[in-house]
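Chain by chain, the residues:
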Amino acid sequence: MFKPPLESALGLSGTQSALPFQLGIVMLGLSAAFGGTLVERNGPRWAMTVALVCFSSGFLLSALGAALEQYWLIVFGYGFVGGIGLGIGYISPVSTLIKWFPDRPGMATGIAIMGFGGGALIASPWSAQMLESFGGDSSGIALAFLVHGLSYAVFMLLGVLLVRVPSSAPGARGTARPAPTGPQVSANQAIRTPQFWCLWIVLCMNVTAGIGILEKAAPMITDFFADTSTPVSATAAAGFVALLSAANMAGRIAWSSTSDLIGRKNIYRVYLGAGALMYALIALFGDSSKPLFVLCALVILSFYGGGFATVPAYLKDLFGTYQVGAIHGRLLTAWSTAGVLGPLIVNWIADRQEEAGRHGASLYGLSFVIMIGLLVVGFVANELVRPVHPRHHIPAPKEAAHVQRQQSESA
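- The protein appears in an unreviewed UniProt entry as Putative Oxalate:formate antiporter from Streptomyces afghaniensis 772.
- You can read under Subcellular location (unreviewed entry) in the UniProt record for the protein the words "Cell membrane".

The structure is reproduced here in structure tokens:
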């Protein structure tokens, strides 16, 4: 929602205005990779406090950058500082909920990640209303960033105060948590397995395909139907963004819960195979049917959200719960890569096509073909996932020692 006002107020191209978002996703993955081990060691409350400080500070720095018309400060604030808060805040409830609901990991992580994806359902119309009230110039953008930063600080503080790590019995205090059962793999060993890198490719391809639409959603639907008898207004485009967020949110709980029933590999077959089909339908028929365009985009975004919500449970199935938070953090570097690839592919190609004199749906045709190819690559990588070889499992005594050390630290 901030892309068009930033482009207008600061004279930016589509590729340039994507930089804060791209850097934010890069820092999300890098901070999650670094912070995953710290979350396991220091607990979710520590992690959520760090996330609160960084995320809110990022918006406040962006507000200062917009007020001074210094775009680099927006990139640094929203992208670098805010991105760190984004990553640490993302993984802390996920690894905690896997411990609370070991029998339904897909559903549990889906609930947490549904909240993450559903944020835009509130933030999109809220941001649009603020920009309409405050104005789309640099001072209006600055004020909107300021309100975001302060508001998020208040609500994230509630998460810090409420979060708990479960003990062996619900409601018990000071009791020892049971040792993990089944095969367990450490984070350092996990990154040495082909399963980890196959899942890295799967997540990267699925996220690239979804983020390519999500990051440019409002201008994309406007461009697709600009030359038709029923063009899309700015208000309708904002509504489309909110719909995408709703699909993203619903997919996180619905598809991840379904994975508890049909298995992780099968659900990723759906995400990647059906996702490629949706992209093909948009590329071939999207500009001739607004309902078809919207429906296919909603399905793609539901798969995008579902992919995020299902991957922690997939990791738990393959590597156990021993260091699943740390492994998940390392895997989110795939999100960092996708956060650069998706917007870069769509924005760069759209800019080049516009320079060549093209307009409307033709700005995105090549991008969609590339997305289909990436989803096929992800589908193949998912087919290559097999159970982890026992040589990567940690010995049971080491497992018990780790749990005992965690109990001592908790006490």
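The structure having been displayed, the exposition proceeds.
### Let's talk about the nonpolar core
No. 1: Counting residues in each nonpolar core, the largest one holds 84 residues, and the members touching the most others are Ile213, Phe224, Phe293, Phe319 and Trp335.
No. 2: By residue number, the principal contributor to this core is helix H13 (residues 290-319), which donates 15 residues.
No. 3: Split by domain, the residues of this core number at least three in each of domain 1 (1-166) and domain 2 (181-410).
No. 4: With 16 residues, the next largest nonpolar core counts Leu6, Phe59, Leu131 and Ala144 among its residues.

### What to know about the domain arrangement of the protein
No. 1: Domains assigned within the protein are domain 1 (1-166) and domain 2 (181-410).
No. 2: Taken residue by residue, the interface counts 40 residues in domain 1 and 43 residues in domain 2.
No. 3: Where domain 1 packs against domain 2, one counts eleven residue pairs in polar contact (both at pLDDT 80 or more).
No. 4: Breaking the side of domain 1 that touches domain 2 down by element, the ones donating at least two residues are helix H2 (14-17), helix H3 (19-42), helix H5 (71-100) and helix H6 (105-134).
No. 5: Its residues placed into classes, the side of domain 1 that touches domain 2 shows 22 nonpolar, 14 polar and four charged.

### Description of the packing of aromatic side chains
No. 1: Across all of its chains, the model carries 28 aromatic pairs by this definition.
No. 2: Plain terms: the ring middles of tyrosine 268 and tyrosine 314 are 5.5 Å apart, the flat faces sit at 35 degrees to each other, and that makes the pair tilted. You can see tyrosine 268 sitting in helix H12 (residues 264-285) and its partner tyrosine 314 sitting in helix H13, a full 46 residues away along the chain.
No. 3: Tyrosine 314 sits in the buried class, given a relative accessible area of 4%.
No. 4: Positioned above the aromatic ring of phenylalanine 225, the side-chain terminus of lysine 290 is 5.4 Å from the ring centre.

### A closer look at the pattern of salt bridges
No. 1: What the rule picks out here adds up to five salt bridges.
No. 2: When the shortest N-O distance is used, the salt bridge between aspartate 317 and arginine 264 registers 2.6 Å. Of this pair, aspartate 317 sits in helix H13 while arginine 264 sits in helix H12; the two residues are 53 residues apart in sequence, bridging distant segments of the chain.
No. 3: Overall, the relative accessible area of 10% leaves arginine 264 in the buried class.
No. 4: Through salt bridges with shared partners, one network takes in Asp260, Arg264 and Asp317.

### A few points about a nonpolar patch on the surface
No. 1: Taken together, the side chains of Leu60, Phe134, Leu143, Leu146 and Leu150 present a nonpolar region at the surface, about 390 Å² in accessible area.
No. 2: For the nonpolar patch, the element with the highest residue contribution is helix H7 (residues 138-162), accounting for three residues.
No. 3: Considering the arrangement of structural elements, one finds leucine 143 in helix H7.

### Some words on the confidence of the model for the protein
No. 1: When pLDDT is averaged along the protein, the result is 85, and 92% of the positions lie at 70 or above.
No. 2: Note on residues 169-177: pLDDT under 50 across the span, and 15 contacts to partners over four residues away in sequence or across chains.
No. 3: In this model residues 407-411 is a low-confidence stretch, pLDDT under 50, and it forms four contacts with partners more than four residues away in sequence or in other chains.

### Concerning the environment of tryptophan 72
No. 1: Following the sequence through the fold, tryptophan 72 ends up in helix H5.
No. 2: When its relative accessible area of 56% is taken as the criterion, tryptophan 72 is described as exposed.
No. 3: For the pair tryptophan 72 and proline 20, spaced 52 residues apart in the sequence, the C-alpha separation amounts to 9.0 Å.

The rules behind the values
- Residues numbered from 1 in each chain as written.
- Predicted model: local features only at pLDDT ≥ 70, side-chain atom pairs only at ≥ 80, totals over all residues.
- Heavy atoms only, no water.
- UniProt positions renumbered as here; feature names shortened; annotations may be inferred.
- Core = buried A, V, L, I, M, F, W, Y, C linked by side-chain atoms within 4.5 Å.
- Buried < 20%, exposed > 50% of the residue type's maximum accessible area, 1.4 Å probe, protein only.
- Helix = DSSP H or I, 4+ residues; strand = E, 2+ residues; numbered from the N terminus.
- Domains from an automatic or database assignment.
- Contact = heavy atoms within 4.5 Å.
- Polar contact = N/O pair within 3.5 Å; in protein donor to acceptor, adjacent residues only side chain to side chain.
- Nonpolar A, V, L, I, M, F, W, Y, C, P; charged D, E, K, R; others polar.
- Phe/Tyr/Trp six-rings, centres within 6.5 Å; stacked < 30°, edge-to-face > 60°.
- Lys NZ or Arg CZ within 6 Å of the ring centre and 35° of its normal.
- Salt bridge = Lys/Arg side-chain N within 4 Å of Asp/Glu carboxyl O.
- Patch = residues over 30% accessible without salt bridge, like charges linked within 9 Å, V, L, I, M, F, W, Y side chains within 5 Å.
- Areas by Shrake-Rupley, 256 points an atom, 1.4 Å probe, with all protein chains shown as cover.
- pLDDT = per-residue confidence, 0-100.

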